[in-house]
Amino acid sequence: METTNAQKIIYEISEILYRNGKYGMERIAIICKIISKLMQSIGWDNNLDFNRNYFDNIFNQLIHELNINSFLQNRDTKQLMDLFIDIIKENKQDIANSIKQLVENDKKSSNIIPTDDFSVKIMQAFAKKLYKGGTYIDPCVGTGRLLAGLGADKYYGFDVDRNAIKIADTYLNLLENSPNRTRLSIKLSSENFLYTSMKYDFDFILPTFIYDPPLNETLEVNDEKLRYELRNRAYLSYNKNTIPSEYLFLSKILLENKDNDLSYITTFLPSFTNGEDKYRQAYRKFLIEGSLIAIVQLNNSTGSNINKLILVGSTKTTPNHPIYLITPKNSTMLVDKLKSLHIPHQFVLFDHGVHGGSLCNHAVYDEKYDFNHIRENRTWVDQSVDFIFSLRK
């Protein structure tokens, strides 16, 4: 893909901060904080008609607030000022994509795992179907990818990483905020979601939880009431206080909101479907009988090094049995088996395009391909979601 002007400017800014000793997520958070403050001063609009002296004063105040004036060389300060003025003149989508690319480039050194585009596309398609007018909530918001582009009025994100919160705030506002969206509410908190009380918070009315928790991690169950309930339901051993992170996040959501109408779209490890210990079996039964709508199987071709599932559920409306969406490997064999078992299914075969097209967009297709095929093939995600919801009627 062609490098945008916004990317070139962002990379220049990043290089200056890097050579002045700012690395990783901290460097990206500084960039986002300054962009955010400058954009706020013009109302997140790109129709710029401003006094340069006014922006210079704002920038100088910011570098003092962020304490970056102490390490910047004089020539770098002037160059940064010019570059930040240039960046806010660019298209907001391009600025957001540039920030996203910076995070991608830095993920190894910063030890972060951003949600891959493939998972985001599927999870957001389900989220839009399940949304009932409340709040989209991401308990592990990271840099904001799963919330951006959902087109709602209320967003609520949690992350204990303060740098991630600064990045998410800028990223979400660039993609969601505009002068005509007067009801837009974006709340981001560095509070640990697992310690949050949802009972009397109006932001948790009709919530749709969409999140990608840290997988392959075991966390302490510090909430005494939650720990008691997990043990009482045989989801947690009486001689243990720890549980896999994905189970803990979903348990908090479901067990603290027993009587609430809520939906969830979350990633899980594949052991959810085949774990044979009594705790996983009990948890599987709990979800299948109470809320589970679909399981989407992914593999590490999505760009992640971890094989994972996407679990989709709703507490008020659920089919009699979960519906499994499985990756297209050995598709025809799968279809034959589904037919023999009389299991409802939909098989759509696209006869143009490339193998491994995944999202079927410009990111995975070379210029030599017919973009009409891209538009046709990319409908597979929406078709899959529509099929699942057609079976629930």
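Scroll up to find the structure this text is about.
Here the structure is a predicted model, which means the values were calculated and not measured.

Definitions and limits used
Residues numbered from 1 in each chain as written. Predicted model: local features only at pLDDT ≥ 70, side-chain atom pairs only at ≥ 80, totals over all residues. Heavy atoms only, no water. Buried < 20%, exposed > 50% of the residue type's maximum accessible area, 1.4 Å probe, protein only. Helix = DSSP H or I, 4+ residues; strand = E, 2+ residues; numbered from the N terminus. Phe/Tyr/Trp six-rings, centres within 6.5 Å; stacked < 30°, edge-to-face > 60°. Lys NZ or Arg CZ within 6 Å of the ring centre and 35° of its normal. 1 Å grid on protein atoms, 1.4 Å probe; cavity = no way out; pocket = protein on both sides within 12 Å on 5 of 7 lines; lining within 4 Å. Points joined across faces, edges and corners; volume = space filled by probe spheres on them. Nonpolar A, V, L, I, M, F, W, Y, C, P; charged D, E, K, R; others polar. Core = buried A, V, L, I, M, F, W, Y, C linked by side-chain atoms within 4.5 Å. Contact = heavy atoms within 4.5 Å. Expected span 1.5 Å × (residues − 1). Pairing = 2+ DSSP bridges.

This part is about helix 9 (residues 245–255). Burial within helix 9 is extensive, with eleven of its eleven residues counted as buried. Every buried residue of helix 9 is accounted for by Ser245, Glu246, Tyr247, Leu248, Phe249, Leu250, Ser251, Lys252, Ile253, Leu254 and Leu255.

Our focus in this paragraph is the packing of aromatic side chains. Applying the stated criterion to the full structure yields 20 aromatic pairs. Ring geometry for Tyr247 against Tyr283: centres 4.9 Å apart, planes inclined by 70 degrees, an arrangement best described as edge-to-face. A residue pair is termed long-range when its members are at least 10 positions apart, and Tyr247 in helix 9 and Tyr283 in helix 11 (residues 278–290) qualify at 36 residues. Here Tyr247 falls in the buried class, since its relative accessible area comes to 4%. Residue Tyr283 is classed as buried on the basis of its relative accessible area, which comes to 1%. Seen from the ring of Tyr156, Lys187 lies directly overhead, with NZ or CZ sitting 4.8 Å from the centre. Looking at Lys252, its charged tip hangs above the ring of Phe193, at a distance of 5.9 Å from the centre.

The tally for this structure, following the rule as stated, stands at three cavities of 30 Å³ or more. Considered as a void within the structure, the largest cavity measures approximately 50 Å³ in volume. Looking at the largest cavity, the residues that line it are Leu194, Tyr195, Glu220, Val221, Asn222, Asp223, Leu226 and Leu248. Tallied by class, residues from the lining of the largest cavity come to five nonpolar, one polar and two charged. If you add up the space inside the second largest cavity, you get close to 40 Å³.

This part covers the nonpolar core. With 71 residues, the main nonpolar core has Ile35, Phe84, Ile87, Phe126, Ile210 and Ile265 as its most contacted residues. Of the residues forming this core, the biggest block, ten residues, is contributed by helix 2 (residues 24–40). Ile265 has contacts with Met123, Phe126, Ala127, Leu130, Thr208, Phe209, Ile210, Tyr211, Ile310, Leu311 and Val312, leaving out every residue within four places of it along the chain. Tyr156, Leu236, Leu292 and Leu309 belong to the second largest nonpolar core, which has 34 residues in total.

Along its 14 residues, helix 6 (residues 117–130) runs 20 Å from first to last C-alpha, staying within 8% of the 20 Å computed at 1.5 Å per residue. Burial of helix 6 is extensive: ten of the 14 residues sit out of reach of the surface. Residues Phe118, Ser119, Val120, Ile122, Met123, Gln124, Ala125, Phe126, Ala127 and Leu130 constitute the buried set of helix 6.

Neither face of strand 4 (residues 208–211) is exposed, since Thr208 and Ile210 on one face and Phe209 and Tyr211 on the opposite face are all buried. Judged from the two bridges that link them, strand 1 (residues 136–138) and strand 4 form a sheet pairing that is parallel. Bridging from a neighbouring strand, Tyr136 pairs with Thr208 of strand 4. Here four bridges tie strand 4 to strand 7 (residues 263–268), and the two strands are oriented parallel to one another. Bridge assignment links Phe209 to a residue of strand 7, and that residue is Tyr264.

Okay, unusual backbone geometry next. In this structure, Asn216 is a non-glycine residue whose phi angle is positive, near 65 degrees. Within the secondary structure, Asn216 sits in the loop between strand 4 and strand 5 (218–220). At His342, a residue that is not glycine, the phi angle is positive and equals roughly 60 degrees. You can call His342 exposed: its relative accessible area is 71%.

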